[in-house]
Amino acid sequence: MRAIETEILVIGGGVTGVGVAWDAALRGFDVILVERRDLAHGTSGRFHGLLHSGGRYVVKDPVSARECIHENRILRRTHAHCIEDTGGFFVVTPEDEDSDYPDRFVQACAETGVPCQEMAVSQALRREPRLNPRISRVFRVPDASVDGFQLTHATAQAARQAGARIFTYHQVTDLLVAGGEGDVRVVGARVFDAVRAEEMEIRAAMVINAAGAWAGRIAGMVGSRVDIVPGKGVMIATAHRLVNTVINRCKWPSDGDILVPAHTVSIIGTTDVPVADPEDLRIEEWEIRKMLAEGEKLIPGFARTRILRAWAGVRPLYRESAVTDDRDISRKFTLLDHQERDGVAGFITITGGKLTTFRLMAEKTVDRAAAHLGPRRPCITAETPVPGAEHGPYWLGHRLREVEDGRLQNQLICECELVTRGMLESAARLNPTVTLDDLRRDVRLGMGPCQGGFCTYRAVGVIHELKLGHGVTPDTEGSDWRVADLQSPAGNPGRGRPPVSGPEPVSSLADHLYDPNLLLRDFLQERWKGVVPIVWGQQLKQEQLDRLIYLSIMNVDHLPDAGLKSPLSDFYGVDVTPNDVLEEPHD
Amino acid sequence: MTDLLIIGAGLSGLLAGVWARRQGLRTRIAATGLGATHWHAGTIDALGYLPGEDAPVRSPFAALTRLTAARPGHPYALTGEAGLREALAAFRTLLEKLGLPYGGAANPDENLLLPSPAGAPRPVYLAPAAQLAGDMSRPEPYLVVGFQALRDFYPTVIAENLTKLGFRARAEFLPIELITDRRDFSTIDLARAMDSADLSRLANALKRVAAPGERIGLPAILGLRRHGQILAALSEAVGAPIFEIPTLPPSVPGLRLTTVLREHFERDLHGRLDLGMTVTDFHAEAGRVTWVASRASARPVRHRARRFLLATGGILGGGFHSEPRGRVWETIFDLPLTAPQKRSQWFRPDFLAPEGHPVFRGGVRVGPDFRPLTLAGEPAFENLWAAGNLLADSDPISERSLEGVAIATARAAVTSLINTDV
């Protein structure tokens with residue numbers, strides 16, 4: 001078995017894990033991060049995209065609110081290109097009028113330092129004409145929209161540049177332990193490489209468990225009890241960007257009270273249902289209805305708008321004692337030093353928290369690790385922009401402008417999201433890619449109204465041609481990730497057309513996983529999984545067109561290699577057909 | 001007075017219009033648009049797979065008994081084998097006359113297998129002449145030629161899958177400048193450009209890449225107006241069989257089919273076709289539809305006729321609509337549908353489920369005379385017929401019976417409505 005060594009092994013490629021890797025590498029530690037799937041495949045890629053100002057927590061959880069506004073200001077500098085500066089509103093809808101919450105909200109904002117300014121309703125409606133005209137008060141806060149995929153990838157790139165090694169599709173199967181009764185020490189992990197289908201050992205002086213909702217399972221491998229209550233939240237995306245500002249209901253935080261503009265769509269969230277298994281991402285019919293009904297209160301007509309997709313993410317909520325309602329479990333993060341807590345040395349768990357505070361969580365975690373390993377340089381993440389931050393915040397039109405300026409129309413592979421062939425090729429080359437879903441997280445492939453109807457076949461063709469040496473972009477294998485540029489049509493200028501002759505196969509693509517038929521089937525099923533919970537009306541017609549393309553025209557259900565499976569085929573195959581439970585269960 | 005008002009201008013609506021006009025009926029077609037024909041591959045799929053079975057159907061006629069045993073209400077159970085055969089033959093004769101000839105397997109009972117744009121074998125009953133040399137029973141090795149920068153066709157994927165299926169196949173690329181200098185183009189743009197392109201450059205380029213004995217598969221872009229001449233001239237100049245492989249939509253072969261039928265109906269037969277005329281309402285008296293109304297800018301416009309034929313298609317064509325609670329309804333007459341009215345019953349877990357999804361199999365139930373039925377099993381209206389993919393108990397996309405159902409039921413409905421006194 002292959003064995004490698006490092007000082008710090010980070011488990012989990014969500015934003016917390018990559019943040020820890022980045023911070024630790026900057027301080028001079030030797031770092032390896034392992035993630036069992038793609039970066040941001042878990043909760044970091046399954047949320048609504050809200051960069052909190054803290055406003056949501058000012059009344060209920062002032063400590064979280066203070067952390068949020070502090071980190072919000074930092075991330076606008078260090079990760080500017082991952083953020084769209086939309087600003088946010090807290091609005092008082094007719095349902096929320098008979099409450100003293102708005103006044104408590106204003107007071108709490110002042111106490112926690114979250115900037116909050118009341119504005120005239122008429123002014124708010126001019127800026128957001130779809131907003132419910134019956135709202136009575138509006139407060140402006142510095143919320144923003146953040147791209148969780150890009151935030152995670154950009155931080156991972158910064159970590160790599162600082163020397164960290166990041167292995168995706170590497171699943172921890174066991175923790176390596178030394179010592180005996182009363183003197184247990186974690187000394188590394190056994191890891192399964194799902195792409196090469198081989199086991200390896202990673203030995204480390206310190207193992208940091210940043211597995212999010214899965215952290216309890218990792219800790220359980222050495223008998224440490226960490227009670228994570230996976231809190232499932234359902235979100236739905238509309239086919240249109242209904243608002244340009246983050247809209248929050250000004251009330252005690254609850255279900256379906258946040259609407260976030262995210263690139264070309266808007267996302268409403270969320271529900272909060274405790275689930276036993278963090279992989280249980282099934283969406284119930286009542287959750288969809290609730291999102292539609294709550295959306296209607298913010299945007300009249302919301303329930304009739306075209307819905308593209310629904311998905312669920314699991315919050316890694318840490319339970320310190322018995323608490324009944326999930327949302328009342330602290331959103332503050334929790335750092336567990338298992339040496340102090342359970343007598344297991346060399347092992348730290350970081351859990352809870354929110355995407356907005358990932359940098360702070362990483363800082364505190366590495367502080368703790370340094371206390372054991374011996375201090376190196378101080379933390380500098382708050383002052384260190386990640387590569388790409390120099391571009392400044394993104395805005396809705398950036399891709400369109402680059403496509404038009406660069407006359408890249410004939411390179412568009414995904415017309416919904418303006419993904420060019422060059423962007424796809426670069427993403428496939430520069431990021432470890434096993435499924436087209438990985439490319440979706442890199443460049444937003446297939447995230448628009450046709451939900452992969454046209455771009456699935458095209459992307460498969462492009463990847464296949466790339467593998468055979470017919471790429472349109474120069475091969476930059478071995479160079480650093482240019483994550484900031486992956487999102488940019490102009491950043492990946494193709495020659496416009498592949499070379500006529502002399503193809504050189506691209507060796508960096510994991511060959512057996514690049515079976516075009518497997519890529520096709522996996523991505524079609526992955527997209528279907530997110531569409532089934534919300535498909536009706538116009539989108540049902542769209543799905544029938546997609547069936548016409550892939551069954552009638554392509555006959556993809558009768559392609560060779562029907563038995564091939566990727567590491568994610570079973571995950572995509574989970575049954576998500578809607579159930580008959582129409583009402584929220586009360587217990 | 002209009003003898004027949006057809007609602008819908010997809011394949012079934014247009015063909016019904018042609019056949020009714022030829023029988024002397026004063027016929028009008030009112031439709032939102034031209035249906036889904038130009039999205040499909042331009043082939044005539046009669047029956048490619050039986051529900052839940054993996055092997056392609058060899059003979060659609062021989063398989064009918066098993067199909068109708070599994071789906072007793074299937075439209076083919078109403079037309080019968082004879083009706084299906086007769087309609088497909090009539091279609092073939094018609095298209096021959098219109099200069100867009102269709103052909104099939106050597107044995108007229110059987111399907112052809114043609115390579116799909118992913119390289120899978122597509123079971124089709126009739127194909128445009130331009131696709132016939134792709135027939136997988138022919139011996140020549142495949143050369144699949146693509147064009148650089150054409151994003152709707154990937155020859156290396158086709159060649160690799162054909163090779164895996166046991167055929168000799170390889171891929172080549174040619175520069176798109178042989179056809180167009182445009183920066184942005186669809187397959188339709190390329191077909192238009194081909195109508196006026198200098199074919200000798202393309203022919204020379206093909207000769208350079210082709211090996212002796214190969215047949216050459218090209219994306220389906222070989223002209224719209226001059227399609228027949230282009231195909232013949234190119235094959236002759238290259239000295240090899242040349243055939244088209246369908247692309248991602250929009251489909252040039254589908255557009256050719258729509259165009260010849262539409263022009264035949266309007267120009268040769270002097271039928272009236274109103275597009276952009278979405279029928280939304282109707283009025284009935286004493287069990288007869290007296291008029292239907294279409295949306296217009298000022299107020300709905302009423303259209304009277306002796307007979308009405310509903311050919312609006314199903315979910316894809318726009319004949320049905322659906323809402324979050326799971327209700328699916330027919331948009332004009334609110335005819336009872338067999339579609340499950342609960343969303344939990346609409347789907348199977350797999351997108352590619354071989355049995356298809358129940359919601360896409362639901363439709364309008366009709367009697368043996370193709371008049372829609374009420375829940376009690378009586379004709380809903382004396383003078384209303386229905387044809388095409390809105391009919392119940394058929395999932396034409398899973399079955400690969402999209403065009404066969406459209407053609408056979410349009411033919412049967414027209415025969416029925418002509419022979420009924422109203």
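Numbers given for residues are sequential positions, taken from 1 along each chain in its written order. Both sets of labels track the order of writing: A upward for chains, 1 upward for ligands. At least 70 in pLDDT is required for a residue's local features to be given in this predicted model, at least 80 for side-chain atom pairs to be given and counted, and no such filter applies to totals for whole chains, interfaces and linings, which use all residues. Derived side-chain values reflect all non-hydrogen atoms in the structure, with water molecules and hydrogen atoms excluded from consideration.

All names here are of chain B. Taken domain by domain, chain B holds domain 1 (4-98 + 256-418) and domain 2 (102-248). The distance between the C-alpha centroids of domain 1 and domain 2 comes to 31 Å. With 25 residues of domain 1 at the interface, the matching set in domain 2 holds 26 residues. Both sides of the domain 1 and domain 2 interface together cover about 1,900 Å² of buried area, and 49% of this is carbon and sulfur. Buried area adds together the accessible area that both of two parts lose upon being put together, with accessible area traced by a 1.4 Å probe. Among the residues domain 1 hides against domain 2, the three largest losses belong to Thr43, Arg92 and Arg256. Together they make up 32% of the total. For salt bridges, the criterion is a side-chain nitrogen of Lys or Arg within 4 Å of an Asp or Glu carboxyl oxygen. Put simply, domain 1 and domain 2 have 5 salt bridges between them. Arg58 serves as the salt-bridge partner of Glu110, at 3.3 Å between the closest nitrogen and oxygen. Elements that contribute at least two residues to the side of domain 1 that touches domain 2 include exactly helix H3 (75-97) and helix H8 (252-268). Domain delimitation follows an automatic or database domain assignment. Any two residues whose heavy atoms approach within 4.5 Å are treated as being in contact. Secondary structure elements are taken from DSSP: a helix is a run of H or I of four residues or more, a strand is a run of E of two residues or more, and numbering for both begins at the N terminus.

This structure, assessed with the given rule, holds 74 salt bridges over all chains. We note a salt bridge from Arg421(A) to Glu425(A), for which the minimum N-O separation is 3.1 Å. On the criterion of helical spacing, the pair formed by Arg421(A) and Glu425(A) is a turn pair, its members being 4 residues apart in helix H11 (residues 421-430). A salt bridge links Glu244(B) to Arg256(B); the shortest N-O distance between them is 2.8 Å. Remark: Arg256(B) occurs in helix H8 and Glu244(B) occurs in strand E10 (residues 242-245); sequence separation between them is 12 residues.

Bringing the interface of chain B and chain A into the picture now. With 63 residues of chain B at the contact, the number on the chain A side is 65 residues. The interface formed by chain B and chain A holds 7 salt bridges in total. In this structure, Asp515(A) and Lys164(B) form a salt bridge, with 2.8 Å as the shortest nitrogen-oxygen distance. The term polar contact refers here to a pair of N or O atoms within 3.5 Å; inside protein, the definition further demands a hydrogen-donor-capable atom paired with an acceptor-capable atom, and it admits residues adjacent in sequence only when both atoms are side-chain atoms. Applying the counting rule to chain B against chain A returns 33 residue pairs in polar contact (both at pLDDT 80 or more). The biggest single contributor to the side of chain B that touches chain A is helix H4 (residues 155-164) of chain B, with 6 residues. Looking at side-chain class alone, the side of chain B that touches chain A contains 31 nonpolar, 14 polar and 18 charged residues. Each residue receives one of three labels: charged for Asp, Glu, Lys and Arg, nonpolar for Ala, Val, Leu, Ile, Met, Phe, Trp, Tyr, Cys and Pro, and polar for the others, Gly being one of them.

Take the domain arrangement of chain A next. All names here are of chain A. Assigned domains of chain A: these are domain 1 (2-43 + 149-228 + 331-383), domain 2 (53-145 + 229-316) and domain 3 (398-572). Here domain 2 and domain 3 have C-alpha centroids that lie 31 Å from each other. Of the residues lining the interface, 15 residues belong to domain 2; the matching set on domain 3 comes to 18 residues. Between domain 2 and domain 3, a total of about 1,500 Å² is buried, with carbon and sulfur atoms accounting for 56% of that surface.

Checked against the element boundaries, Ala25(A) lands in helix H1 (residues 15-26). If near-sequence neighbours (up to four positions away) are discounted, Ala25(A) is found in contact with Val31(A), Ala159(A), Ala162(A), Ala164(A) and Arg377(A).

Attention now goes to empty space enclosed by the protein. Over the atoms a probe the size of a water molecule is rolled, and this reveals where empty space is left. All names here are of chain A. Lining residues are defined by having an atom within 4 Å of a point belonging to a cavity or pocket. Those points lie on a 1 Å grid over the protein atoms alone, cavities being sets where a 1.4 Å probe fits but cannot get out and pockets being open sets with protein on both sides within 12 Å along at least five of seven lines. Grid points are joined across faces, edges and corners, and a volume is the space filled by probe spheres set on the points. For the coordinates displayed, the defined rule picks out 5 cavities of 30 Å³ or more. Lining the largest cavity we find 37 residues, and of these Gly45, Phe149, Trp311, Arg440 and Met447 sit closest to its centre. It is strand E18 (residues 307-318) that contributes the most residues to the lining of the largest cavity, 5 residues altogether. Of the residues that constitute the lining of the largest cavity, the class distribution is 18 nonpolar, 9 polar and 10 charged.

Right, let's talk about the pairing of strand E14 (residues 246-249) of chain A for a bit. Residues and elements named next belong to chain A. Relative accessibility under 20% of the residue-type maximum defines a buried residue, over 50% an exposed one, and the middle range a partly exposed one, all with a 1.4 Å probe and only protein chains included. Both faces of E14 are covered, namely the face carrying Val246 and Asn248 and the face carrying Ile247 and Arg249. Strands qualify as paired when DSSP identifies two bridges or more between them. Where E14 and strand E15 (residues 258-262) come together, 2 bridges link them in antiparallel fashion. Its bridge partner being in E15, Asn248 is matched across the sheet by Ile258.

Generally, phi is negative for residues other than glycine and the peptide bonds are trans, each holding for most cases. Here the amide bond leading from Gly269(A) into Thr270(A) is cis, since omega sits at -15°, within 30 degrees of zero. Tracing the backbone shows Thr270(A) in the loop between strand E16 (265-269) and strand E17 (273-274). In this structure, the amide linkage connecting Pro249(B) to the following residue, Pro250(B), adopts the cis form with an omega of 0°. Secondary-structure assignment places Pro250(B) in the loop between E10 and H8. Unlike most non-glycine residues, Gln451(A) shows phi in positive territory, near 50°. Topologically, Gln451(A) is positioned in the loop between helix H12 (436-443) and helix H13 (455-467). Despite not being glycine, His270(B) shows a phi value in the positive range, around 55°. His270(B) gets classed as exposed once you look at its relative accessible area, which sits at 62%.

Residue and element names in this part refer to chain A. Compared with an ideal rise of 1.5 Å per residue, which puts 12 residues at 16 Å, helix H3 (residues 101-112) spans 16 Å between its outermost C-alpha atoms and is within 8% of the ideal. Looking only at H3, the buried set comprises Tyr101, Pro102, Phe105, Ala108, Cys109 and Thr112. On an axial view of H3, the arc spanned by its buried residues comes to 120°, and they lie on one face. Opposite the buried face of H3, by more than 90 degrees, sit the exposed residues Ala110 and Glu111. Those residues of H3 that are buried are in contact with helix H2 (62-78), strand E5 (88-92) and strand E7 (137-141). Of the residues one or two after H3, Gly113 is the one with positive phi, at around 85°. A helix's residues, less one, multiplied by 1.5 Å, set its expected span. The arc refers to the directions leading from the helix axis to the C-beta atoms.

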